[in-house]
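A structural walkthrough
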Amino acid sequence: MDTHTPMHTEADGLDLRHHGDAEVRDDGAALVDLAVNVRAGTPPAWLREHVAASLGSLAAYPDGRAARAAVAARHGLPVERVLLTAGAAEAFVLLARALKVRRPVVVHPQFTEPEAALRDAGHTVGRVLLRAADGFRLDPAAVPEDADLVVVGNPTNPTSVLHPADVLASLARPGRTLVVDEAFMDAVPGEREALAGRTDVPGLVVLRSLTKTWGLAGLRIGYVLADPETVAGLERAQPLWPVSTPALAAAEACVAPRALAEAAHAAHRVAADRDRLVAGLAVLAGAGVRVVGPAEGPFVLVDVPDGAAVRHRLRDLGYAVRRGDTFPGLGGGWLRLAVRDRATTEGFLSALERTLTATEPA
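Residues numbered from 1 in each chain as written. Predicted model: local features only at pLDDT ≥ 70, side-chain atom pairs only at ≥ 80, totals over all residues. Heavy atoms only, no water.

Here's the deal with the packing of helix α3 (residues 87-98) against helix α7 (residues 228-237)
Rules: Helix axes use the C-alpha atoms of the stretch in contact, all axes being lines fitted to C-alpha atoms, and the angles between their N-to-C directions lie in the range 0 to 180 degrees. What counts as a helix is a DSSP run of H or I of at least four residues, what counts as a strand is a run of E of at least two, and both are numbered from the N terminus. When an angle is under 35 degrees it counts as roughly parallel; over 145 it counts as roughly antiparallel; between 65 and 115 it counts as roughly perpendicular; any other value is oblique. A contact between two residues is defined here by any heavy atoms of the two lying within 4.5 Å. In this classification, Asp, Glu, Lys and Arg are treated as charged, Ala, Val, Leu, Ile, Met, Phe, Trp, Tyr, Cys and Pro as nonpolar, and every other residue, Gly included, as polar.
Orientation of α3 relative to α7, taken along the N-to-C sense of each, is 100 degrees, at an axis distance of 9 Å. On the basis of the axis angle, α3 is roughly perpendicular to α7. Only G233, L234 and A237 of α7 make contact with α3, whose side of the interface consists of L94, L95 and A98. Among the residues forming the contact of α3 with α7, the class breakdown is five nonpolar, one polar and no charged.

Brief notes about the sheet that holds strand β12 (residues 319-323)
To be explicit about the condition: Whether two strands pair depends on DSSP finding at least two bridges between them.
With mixed pairing, five strands are arranged side by side in an open sheet as β2-β12-β13-β11-β10. Edge positions in the sheet fall to β2 (32-34) and β10 (290-291), since each has one partner strand and no second. Relative to strand β13 (residues 334-338), strand β11 (residues 299-303) runs antiparallel, the two being bridged by five bridges. For D303, the partnering residue across the bridge sits in β13 and is W334. Running over the sheet, helix α9 (residues 257-283) touches β10, β11 and β13 and is turned about 10 degrees from β11. Across the sheet, helix α10 (residues 307-316) lies against β12 and β13, angled at about 155 degrees from β12, the strand it touches most.

Some details on the confidence of the model for the protein
As a reminder, the rule being used: Each residue gets a pLDDT score, which is the predictor's confidence in that residue and runs from 0 to 100.
Taken over all residues, the pLDDT of the protein has a mean of 93, while the share at 70 or more is 96%. Across residues 1-10, where pLDDT falls below 50, the model places 26 contacts with residues more than four positions away in sequence or in other chains.

A look at the packing of aromatic side chains
The relative placement of two aromatic rings is captured by the distance of their centres and the angle of their planes. Worth spelling out the cut-off: Think of it this way: a Phe, Tyr or Trp ring, Trp meaning its six-membered ring, pairs with another when their centres are within 6.5 Å, and the plane angle makes it stacked under 30 degrees, edge-to-face over 60, tilted otherwise. Exposure is judged per residue with a 1.4 Å probe applied to protein chains only, and the accessible area is read against the type maximum: over 50% gives exposed, under 20% gives buried, and values in between give partly exposed. Placement of a charge over a ring requires the Lys NZ or Arg CZ to be within 6 Å of the ring centre, with the centre-to-atom vector within 35 degrees of the ring normal.
Across all of its chains, the model carries six aromatic pairs by this definition. Judged by centre distance (5.9 Å) and plane angle (50 degrees), the rings of F92 and F111 are tilted. Taken together, the positions of F92 in helix α3 and F111 in the loop between β4 (104-108) and α4 (113-120) put the pair 19 residues apart, joining distant regions of the chain. Considering the side-chain rings of F136 and W334, the 5.6 Å spacing of their centres and the 75 degrees angle between planes classify their relative orientation as edge-to-face. Of the two residues, F136 sits in the loop between β5 (126-129) and β6 (149-153) while W334 sits in strand β13, which places them 198 residues apart along the sequence. For W334, a relative accessible area of 8% corresponds to the buried category. Here R39 stacks its cationic end above the ring of W214, 5.6 Å away from the centre of that ring.

Some remarks on the nonpolar core
This is how it is decided: Only buried residues count toward a nonpolar core, which is a set of Ala, Val, Leu, Ile, Met, Phe, Trp, Tyr and Cys residues joined through side-chain atoms within 4.5 Å.
Counting residues in each nonpolar core, the largest one holds 55 residues, and the members touching the most others are L47, L84, F136, L138, W214 and L225. Sort the elements by how many residues they give to this core and helix α8 (residues 245-254) lands first, with six residues. In this view, L47 contacts W214, L216, A250, A253 and C254; residues no more than four positions away in its chain are not counted.

What follows is the structure, encoded as structure tokens:
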């Protein structure tokens with residue numbers, strides 16, 4: 001009997017297009033934001049000024065050659081292995097439309113946009129559901145041998161699990177495209193377990209985003225690292241001039257040595273802030289709070305009693321968190337919390353404690 005994680009091919013009625021920004025729109029705009037995984041206090045002044053300086057060139061069509069070369073140099077790759085995109089989200093759409101695949105599989109729970117893009121492109125999508133009982137860790141044997149496209153996040157949104165690079169690399173097969181979403185890898189000190197820059201893993205496609213660490217979600221900039229043939233195929237599926245001049249300027253700046261040093265420093269600061277958040281959540285274990293660990297990303301996944309009630313009560317107290325029940329494999333008790341500074345974390349933990357007390361059954 002097959003004892004591996006079950007496969008699901010239906011959408012199960014989940015809103016795969018629900019994202020954390022929905023929590024802080026409209027009446028949520030005034031809330032303290034723990035729902036969106038963009039690093040607080042960004043973009044820094046030097047980056048805003050650099051992007052602003054590019055506005056004088058808006059009359060000309062965008063020329064991505066310098067930014068593409070800068071990204072390639074950052075990862076020690078030839079430019080033919082780099083494709084710039086309007087955020088990682090565009091890359092998922094390009095992969096879904098350009099690749100000729102028969103059995104795509106997405107490892108869940110993870111960012112839902114890859115599956116949404118594949119479904120929109122007419123694919124029937126298989127799911128490998130990782131289990132809370134296993135700490136949401138991946139057993140490569142759970143991925144079907146005949147899957148010709150496998151998508152997995154590392155570190156994974158929303159679980160904050162960092163999978164070992166060798167485990168992910170072991171998923172490579174002849175005739176299979178292995179897509180590893182490393183949108184949050186630059187928030188991991190030392191970028192441990194990164195596959196970006198590797199050329200020895202057949203069929204590997206690595207996606208990176210510059211919007212999370214640098215606070216550029218409104219600018220839309222990311223990139224794909226893959227073999228030249230795959231890059232060329234994805235590029236053919238792009239419209240002309242897909243990345244704007246300001247976004248190209250940001251890309252070039254964000255992979256420069258100064259920016260890499262600043263990002264590395266920020267990663268250590270985020271790790272310290274995350275440890276503080278996790279320690280505070282552990283104090284609430286008696287109230288039913290369960291934390292997925294060890295968390296390695298700039299966010300933490302927690303399970304609480306009656307998650308919907310807790311989330312709404314937190315909003316009443318001024319805090320927005322990301323609901324977890326739109327991620328395949330998670331139920332209504334799960335919440336994703338973005339890592340914030342000490343003062344914000346202490347205020348949130350106090351509000352969460354009040355919330356859990358208020359929602360305890362009589």
